[in-house]
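# An overview of the molecular structure
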Amino acid sequence: MLTGLVDAHTHPVWAGDRVHEFAMKLAGATYMDIHQMGGGIHFTVNNTCSANEETLLSSLLTRLRQMNQSGTTLVECKSGYGLDLENEVKMLRVIEQARTRVPLEISSTYCGAHAVPKNKTAEEATKDILESHIPHIKSLMSSGLLRVDNVDVFCEVGVFDVAQSRAILQVGKDAGMQINFHGEELNRLHSAEMGAELGAHAISHLEEVSPAGITAMARSGTVAVALPTTAYMLRLRPPPVRDMIQQGVAVALGSDFNPNAHCLAMPIVMNLACVMLHMSMQEALAAATINSAQALGQSSMHGSLEKGKWGNLLLLDAPTWEHLVYQLGCHTNVISAVVFKGEVIHEKL
Ligand SMILES: N=CN[C@@H](CCC(=O)O)C(=O)O
Ligand SMILES: [Zn+2]
């Protein structure tokens, strides 16, 4: 028996797959080549803006149920393929509706600063987010129509710079959201230091984090969310997880499920973390449970089997728990049942 898995970073609300971009990347295109050509996030934004709420909800529920069957009992879900206020709120509403339809806990994230919309500069988009998006979302939160747990930005060259990201994250925090953002993925911008200074709960990616950034995160108690599927798909240098652990940073794991990294299964992520990020199986288990719960500010009720916490657990059909990590791609055979809040919600056929 193991505690339920916690997926600390996903983008599960979208329409239109990007299998054609997988082919382009295999032929040598980089993530940013495709993004700058108007593909990548922009391709998904076009398709997601054209989709209605019912279509988005239906595909989201299918994805969440697949996560359930792979052992996930708490998952972070981002908006970020709307970019304009109307479509960002549409995505957040879809996530809100999913909360009562699937037996798993959702931590929702407003990620309106996921890319710069085609008709705006980054500066204009930042102003729009600060003056229009966040105040509107805050009012929906106050009136009980939406619960939004986290605020996110993609802080990257060609997307939002450190000053713009700082402003968005601070205003999101002031509106009652936890700071949890994409930093130091493709270029070293020292956003880890900025996030630590703002008291970020978590920073994801961190492939390019500096030693000073690691020290700052250790000091502020900011959780590092490592995303091995992204480093694998994009053939990036993996984040320096060993240095982080040694410096006392809690490392969590996320599937980063999105049209670029189509992986819903935390046991696969744990295997990749062991091989690519040099984590032990015990470290990967802590990262995919209690540390991920901490990244989402939910470790008091999730992430371990303890008196007073939710009864979220996996029953395994294997000689030892390590088989969940070791049997790459066979996790649905290894998991014989998933229990959420004390109820069996999935059983192996
Ligand atoms: N890096 C930014 N965001 C996502 C990718 C989203 C996409 O490519 O659609 C990530 O975490 O990997
Ligand atoms: Zn992401």
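Everything numeric in this text was worked out from a predicted model, so none of it was measured. (Residues numbered from 1 in each chain as written. Chains lettered and ligands numbered in written order. Predicted model: local features only at pLDDT ≥ 70, side-chain atom pairs only at ≥ 80, totals over all residues. Heavy atoms only, no water.)

### A few points about the site of ligand 1
The immediate surroundings of ligand 1 are formed by 16 residues, with Arg18, Tyr31, Tyr81, His205 and Asp256 found nearest. Here an oxygen atom of ligand 1 and a side-chain polar atom of His182 are 3.1 Å apart. Burial of ligand 1 by the surrounding chains reaches 100%, relative to a free accessible area of 320 Å². A per-class count over the shell around ligand 1 returns 5 nonpolar, 8 polar and 3 charged. (Near = heavy atom within 4 Å. Polar contact = N/O pair within 3.5 Å; in protein donor to acceptor, adjacent residues only side chain to side chain. Areas by Shrake-Rupley, 256 points an atom, 1.4 Å probe, with all protein chains shown as cover. Nonpolar A, V, L, I, M, F, W, Y, C, P; charged D, E, K, R; others polar.)

### Examining the sheet that holds strand S9 (residues 251-253)
Strand order in the open sheet made by the 8 strands is S2-S3-S4-S5-S6-S7-S8-S9, with parallel pairing throughout. Each edge of the open sheet carries a strand with a single partner, namely strand S2 (5-7) and S9. Geometrically, the sheet is characterised by an average inter-axis angle of 25 degrees between neighbouring strands, direction not taken into account. Sheet topology places strand S7 (residues 202-205) next to strand S8 (residues 223-226); 3 bridges connect them, and they run parallel. The partner of Ser204 across the bridge, within S8, is Val225. Its contacts with the sheet put helix H4 (residues 53-69) on strand S3 (72-78) and strand S4 (105-113), and the angle it makes with S3 is roughly 145 degrees. Lying over the sheet, helix H7 (residues 162-174) contacts S4, strand S5 (150-153) and strand S6 (178-183), oriented at roughly 170 degrees with respect to S5. (Pairing = 2+ DSSP bridges. Helix = DSSP H or I, 4+ residues; strand = E, 2+ residues; numbered from the N terminus. Axes fitted to C-alpha atoms, helices over the stretch in contact; angles between N-to-C directions. Contact = heavy atoms within 4.5 Å.)

### Some details on the environment of Asn52
Looking at the element boundaries, Asn52 is found in the loop between helix H3 (41-50) and H4. Taking the C-alpha atoms as reference points, Asn52 and Asn87, separated by 35 residues in sequence, lie 9.8 Å from one another. Within the structure, Asn52 has its side chain in polar contact with the side chain of Thr55 (distance 2.6 Å).

### Section: the coordination of the zinc ion (ligand 2)
In an ideal octahedron of six donors the angles at the metal are 90 or 180 degrees, and in an ideal tetrahedron of four donors they are 109.5 degrees. Distances from the zinc ion (ligand 2) to its protein donors, His9 (NE2), His11 (NE2) and His182 (NE2), fall at 2.0 to 2.1 Å. Considering all 4 donor atoms around the zinc ion (ligand 2), the spread of angles at the metal, 97 to 125 degrees, places the coordination shape in the tetrahedral class. (Donors = N, O, S within 2.8 Å, 3.2 Å for Na, K, Ca; no water. Tetrahedral: all angles 85-135°; square planar, octahedral: opposite > 155°, others 65-115°.)

### Some thoughts on a nonpolar patch on the surface
Together, Met1, Leu305 and Leu315 make up an exposed nonpolar region whose accessible area comes to about 290 Å². With respect to the helices, strands and loops of the structure, Met1 is situated in the segment before strand S1 (2-3). (Patch = residues over 30% accessible without salt bridge, like charges linked within 9 Å, V, L, I, M, F, W, Y side chains within 5 Å. Salt bridge = Lys/Arg side-chain N within 4 Å of Asp/Glu carboxyl O.)

### Regarding the packing of helix H6 (residues 122-142) against H7
When two helices pack together, their arrangement is given by the angle between the helix axes and by the axis-to-axis distance. Direction vectors running N to C along H6 and H7 enclose 5 degrees, while the axes themselves pass 10 Å from each other. Taken together, H6 and H7 sit at an angle that is classed as roughly parallel. Listed contacts from H7 to Ala122, Glu123, Thr126, Ile129, Leu130 and Ile134 of H6 are Gln164, Ala167, Ile168, Val171 and Gly172. Here the residues of the contact of H6 with H7 sort into 7 nonpolar, 3 polar and 1 charged. (Parallel < 35°, antiparallel > 145°, perpendicular 65-115°, else oblique.)

### Focus: the UniProt feature "domain: Amidohydrolase" (unreviewed entry) in the chain
UniProt's entry tags residues 50-318 with the feature "domain: Amidohydrolase" (unreviewed entry), counted in the numbering of this structure. Spanning residues 50-318, this segment combines 45% helix with 15% strand, and its end C-alpha atoms are found 45 Å apart. (UniProt positions renumbered as here; feature names shortened; annotations may be inferred.)

### Considering the side chain of His114
You can see His114 is positioned in the loop between S4 and H6. The exposure class assigned to His114 is buried, which follows from its relative accessible area of 3%. At 3.1 Å, the side chain of His114 and the backbone oxygen of Gly80 are in polar contact. (Buried < 20%, exposed > 50% of the residue type's maximum accessible area, 1.4 Å probe, protein only.)

### With respect to the packing of aromatic side chains
In this structure the tally under the stated criterion is 1 aromatic pair. Over the ring of Trp14 we find Arg63; its NZ or CZ atom is 3.8 Å from the centre of that ring. Its guanidinium or amino end placed over the ring of Trp310, Lys341 lies 4.1 Å from that ring's centre, counting from NZ or CZ. (Phe/Tyr/Trp six-rings, centres within 6.5 Å; stacked < 30°, edge-to-face > 60°. Lys NZ or Arg CZ within 6 Å of the ring centre and 35° of its normal.)

### What to know about helix H12 (residues 266-276)
For H12, the buried fraction is high: 9 of the 11 residues fall into the buried class. When we look at burial in H12, the residues that qualify are Met266, Pro267, Val269, Met270, Asn271, Leu272, Ala273, Cys274 and Met276. Following H12 by one or two positions, His278 adopts a phi angle in the positive range, close to 60 degrees.

### Focus on H7
When the terminal C-alpha atoms of H7 are compared, their 18 Å separation across 13 residues agrees well with the 18 Å that a helix rising 1.5 Å per residue should span. Taken together, the buried positions of H7 are occupied by Gln164, Ser165, Ile168, Leu169 and Gly172. Looking straight down H7, one finds its buried side chains confined to an arc of 125 degrees; they lie on one side. Opposite the packed face of H7, turned more than 90 degrees from it, sit the exposed residues Ala163 and Asp174. Residues of H7 that are buried in the fold lie against S4, H6, S5, S6 and helix H8 (191-198). (Expected span 1.5 Å × (residues − 1). Arc of directions from axis to C-beta.)

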